[in-house]
Amino acid sequence: MITNTELEIIGNQFPSKIVSYEKHIDTFNFFTENGVTLKVTILRDSVIRFRYSTTGIFENDFSYAITKYANSGYDILEIEENDDQYEITTEKLICRIKKVNARISLFDAKDKTLIIDDEIGFHWEESYEHGGNVVKMSKKSRKGESYYGLGDKPTHLNLKGKRFQNWVTDSYAYGKDTDPLYKAIPFFTGLHAGKSYGIFFDNTFRSYFDFAHERKDVMSFWAQGGEMNYYFMYGPEMDKVVANYTDLTGKPHQMPPLWSLGFHQCKWSYYPESNVKEVTSKFRELQIPCDAIYLDIDYMEGFRCFTWNKEYFPDPKRMVKELLDDGFKTVAIIDPGIKIDADYNIFREGLEKDYFCKRADGPYMKGKVWPGQCYFPDFTNPEVREWWSGLFKELIEDIGVKGVWNDMNEPAVMEVPNKTFPNDVRHDYDGNPCSHRKAHNIYGMQMARATYQGLKKFAFPKRPFVITRAAYSGTQRYTSSWTGDNVASWEHLWIANVQAQRMSMSGYSFAGSDIGGFAEQPEGELFARWIQLGIFHPFCRVHSSGDHGAQEPWAFGDEITDIVRKFIELRYQLLPYLYTAFWHYFNDGVPILKSMVMYDQEDIQTHYRTDEFVFGDKILVCPILEPNSKGRRMYVPKGDWFNMWNDEVVEGGKEMWVSSDIETMPIFIKSGSVIPKYPVQQYVGEKNIEEVTLDVYFKIGTEKSFLFDDAHDGYDYTKGKYSYRTFKLLGKEKQLIIQQHKSGRYDADYKLFKIKFHGLPFEIDKIQIDNVEIDFKKVKVNGDNTLIIDKDFTELHIFSEDK
Ligand code: GLC
């Protein structure tokens, strides 16, 4: 007879002594006495992967996050062994592994300083209920250490002292500190003693991070299942850490079409067609630039995906074309829930092909979303993704919709306590069958991926544009993203600012918030302040739930309309600058928004700043986050900065008051910068650009600036048809030289640069272009410090003769 009915609680278990190791090319396996294997793989000199198995058997090595395009290769790889430890050395890192307990310490290979050290290191608890283990890791946290990253957490940028959860969740009207939200990005950057490193915990189960919250000298992370599997990356510069992470999990697969960096207008919902047209016509009438108009769920027939409500939209193809003729791209929403309806072809097809998710014991996963009761495609099955991508043919190829908005893909389920699928739902997981516990965090990502594949196919030869709400690490390869259902409040303006910066620091630059707030209605002042911030977010869209009143730029009176127009115009002027920053993100993984700490990690003043950030690499921005403000205090990082509004130069490295009434916001340009600008257009491609303005901000010394250009859509740039210009500025007391270097084979239609000098400390008496003196009066405009010259100059030299 069995009498003990209580479970034996074993608690935490630990690796014991390492007894041997073996090496296979770039991988070391260390074996402990109690059967644990630690697998250390050197991906690059600055990137090391650590995997642990408690049985000696590893799971199939499959990840949705890691891209096959990641760079690999190292210059140095050595291992040494003594009585106490193993020591693996690369060009950048030294990794010590203690024999007695398999604990790990990482050091900078150059100056031998400690970067991070295991506390109790890897440990695990067996999961009686689900099988497998709860896998855990703890590392020491040192005095002055700071932590950043983790995707969309709506909290102070520096995560120190806090605990977080990664579980993709529909979070209508969330607030400051709500956790978790819509994204699971288990990647953070640590900073200690001026050196920055990153950890990416590639485990899709519900996971947790504790940044010295429970114990002030310990940081830890753990997950409810799967493997302890993490990547360590080293900078020591923070932007390099993020670039390493972005390289590993993927840069966007292509440049965005330039129009997608324009302004977008959205509401739940614009319908019928006449309402859509009213909105778009008003933009043109009021001359407020706009490139995209969105159709929310009401365009569909009973919220059935891939259908149209013919009463509201009798001829979608004609409408989409008319909108396009007026410069508007149409973006339509597509959700994952497929209405249970025997007369609905997509439902029938999904059923016949066995594409819907099922519960553990066989029934379909049934849940309520907008259309009522639905089944949900298993996007983790490659065949389902292929089918789904094919469904976009009519919408994109035939009707001409230019972008798709994926929503509710957490997946969100209404009227159930956990807001999503139950844990027992089964998924294919690309041939690694599992339950929803493992697939939940990547479900939305796989939906967005399938959507992306559809757009890529049917929008060809144009580039796809997708936007998603749910995301896991790596989703940035396929789609842009927004921060979900926020609220029209000043606090949410603060949250939007933090979230966009944090996403950028988490490898996901192409993101933005619902400008003005989704729930409730902003007053005009809040709306204007939000637009001022939003034009500096890579994804720039106004969206609202619509049931609280209008949220178009003209809904708040003429004064606000004029401010909004002025800032959207600034966005359009800065498009070449933003496109260039996107190129640096696309090509090198450099975040488009740089928080103060990333901009200057050596300055400890930056470690706890949240509001200020650098847009691209030259423009410092600080939103006004309170009503009735006439300005604010802000930190200006070291160096000289030009106030964009009046060209006054301030010396940074300190906090200062910056006046800024409702018409302006604090915007500073780094001295020495060359900022490319387009003329204002009502939409991308409206005008044939005849000249590009270069705003040149004087500096004594040197500074490099860049300008990327190509056809703004299509794929020719992948074949070298782009141009990448580097401007090297050298300023002296009485002269200024700008050298231009161009690479790539694209030649834009425009022939001229209009060069505007700011802060020039001397009168221009003489000009040389490519060493030839030219008649000053011929190139000078309006008697001010503006020249119009051929865009292909190699050296522009201006002097004062007053020596
Ligand atoms: C969700 C989305 C929101 C959308 C609404 C209706 O709440 O987050 O953006 O407007 O659903 O589709």
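Please read all numbers here as calculations on a predicted model, not as lab measurements.

(A) Spotlight on the overall build of the chain. A tally of helices and strands in the chain yields 13 helices and 52 strands. In summary, the chain has a C-alpha radius of gyration of 27 Å against a globular reference of 28 Å for 803 residues, a match within 12%. Principal-axis analysis of the C-alpha atoms places the extent of the chain at approximately 105 × 70 × 50 Å. Long-range contacts, defined here as pairs at least 24 residues apart, represent 69% of the contacts in the chain between residues at least 6 apart.

(B) Seen up close, the site of the ligand. Every residue close to the ligand is listed here: Trp268, Asp296, Ile297, Ile333, Trp370, Trp405, Asp407, Arg469, Trp482, Asp485, Phe518 and His543. A distance of 2.5 Å is found between an oxygen atom of the ligand and a side-chain nitrogen or oxygen belonging to aspartate 296. In this structure, histidine 543 approaches the ligand through a side-chain N or O atom, which is 2.9 Å from an oxygen atom. When the ligand is considered free in solution it has 310 Å² of accessible area, and contact with the protein chains removes 97% of it. Here the residues of the shell around the ligand are counted per class, giving seven nonpolar, one polar and four charged.

(C) Layout of the packing of aromatic side chains. In the structure shown here, the tally under the stated rule is 78 aromatic pairs. Aromatic ring contacts, followed pair by pair, group Phe50, Tyr147, Phe164, Phe188, Tyr197, Phe201, Phe209, Phe211, Phe221, Tyr230 and Phe232 into a single cluster. If you follow arginine 541 out to its NZ or CZ, it ends over the ring of tyrosine 294, 5.0 Å from the centre.

(D) Layout of the pairing of strand β41 (residues 667–670). As paired strands, strand β36 (residues 619–621) and β41 are joined by three bridges and run antiparallel to one another. Bridge pairing in β41 links isoleucine 619 to isoleucine 669. Strand direction decides the pairing type here: strand β38 (residues 640–643) and β41, joined by three bridges, are antiparallel. Looking across to β41, one finds that phenylalanine 642 is bridged to isoleucine 669.

(E) Spatial organisation of the pairing of strand β16 (residues 207–211). Of all five residues that make up β16, five are buried, and the element is covered over most of its length. As defined by bridge partners, β16 adjoins strand β17 (residues 218–223) across five bridges and the pair is classed as antiparallel. Among the inter-strand pairings, phenylalanine 211 is bridged to a residue of β17, identified as methionine 219.

(F) Structural view of the nonpolar core. Within the largest apolar cluster, 195 residues are counted, with the highest numbers of intra-cluster contacts made by Trp388, Phe536, Phe757 and Leu796. For this core, the element with the highest residue contribution is helix α7 (residues 436–459), accounting for 10 residues. Residue contacts for tryptophan 388: discarding those within four places in its chain leaves Phe306, Ile334, Asp335, Ile338, Pro377, Phe379, Met447, Ala450 and Thr451. Ranked by size, the runner-up nonpolar core spans 43 residues in total, among them Val40, Leu77, Tyr86 and Met219.

(G) Representation of the packing of helix α10 (residues 558–573) against helix α11 (residues 575–588). At a minimum axis distance of 5 Å, the contact between α10 and α11 shows a crossing angle of 55°. In this view, α10 runs oblique relative to α11, as classed from their interaxial angle. Contact residues: Arg571, Tyr572 and Gln573 in α10; Leu575, Pro576 and Leu578 in α11. For the contact of α10 with α11, the residue count by class is four nonpolar, one polar and one charged.

(H) Just the pattern of salt bridges, in detail. Throughout the structure, instances matching the rule amount to 54 salt bridges. A salt bridge links arginine 463 to aspartate 710; the shortest N-O distance between them is 2.8 Å. Pair noted here: arginine 463 is in the loop between α7 and β28 (466–468) and aspartate 710 is in the loop between β44 (701–709) and β45 (723–732), with a separation of 247 residues, a long-range link. For the residue pair arginine 463 and aspartate 710, the accessibility class agrees, reading buried in each case. Between lysine 618 and glutamate 703 there is a salt bridge, and its shortest N-O distance comes to 3.8 Å. Placement of the pair is lysine 618 in the loop between β35 (613–615) and β36 and glutamate 703 in strand β44, with a sequence separation of 85 residues. Relative accessible area serves as the criterion here: at 3%, lysine 618 is assigned to the buried category. The structure contains a network of salt bridges with shared partners spanning Asp170, Asp407, Glu410, Arg469 and Asp485.

What counts and how
- Residues numbered from 1 in each chain as written.
- Predicted model: local features only at pLDDT ≥ 70, side-chain atom pairs only at ≥ 80, totals over all residues.
- Heavy atoms only, no water.
- Helix = DSSP H or I, 4+ residues; strand = E, 2+ residues; numbered from the N terminus.
- Rg over C-alpha atoms; globule rule 2.2 N^0.38 Å.
- Contact = heavy atoms within 4.5 Å.
- Near = heavy atom within 4 Å.
- Polar contact = N/O pair within 3.5 Å; in protein donor to acceptor, adjacent residues only side chain to side chain.
- Areas by Shrake-Rupley, 256 points an atom, 1.4 Å probe, with all protein chains shown as cover.
- Nonpolar A, V, L, I, M, F, W, Y, C, P; charged D, E, K, R; others polar.
- Phe/Tyr/Trp six-rings, centres within 6.5 Å; stacked < 30°, edge-to-face > 60°.
- Lys NZ or Arg CZ within 6 Å of the ring centre and 35° of its normal.
- Pairing = 2+ DSSP bridges.
- Buried < 20%, exposed > 50% of the residue type's maximum accessible area, 1.4 Å probe, protein only.
- Core = buried A, V, L, I, M, F, W, Y, C linked by side-chain atoms within 4.5 Å.
- Axes fitted to C-alpha atoms, helices over the stretch in contact; angles between N-to-C directions.
- Parallel < 35°, antiparallel > 145°, perpendicular 65-115°, else oblique.
- Salt bridge = Lys/Arg side-chain N within 4 Å of Asp/Glu carboxyl O.

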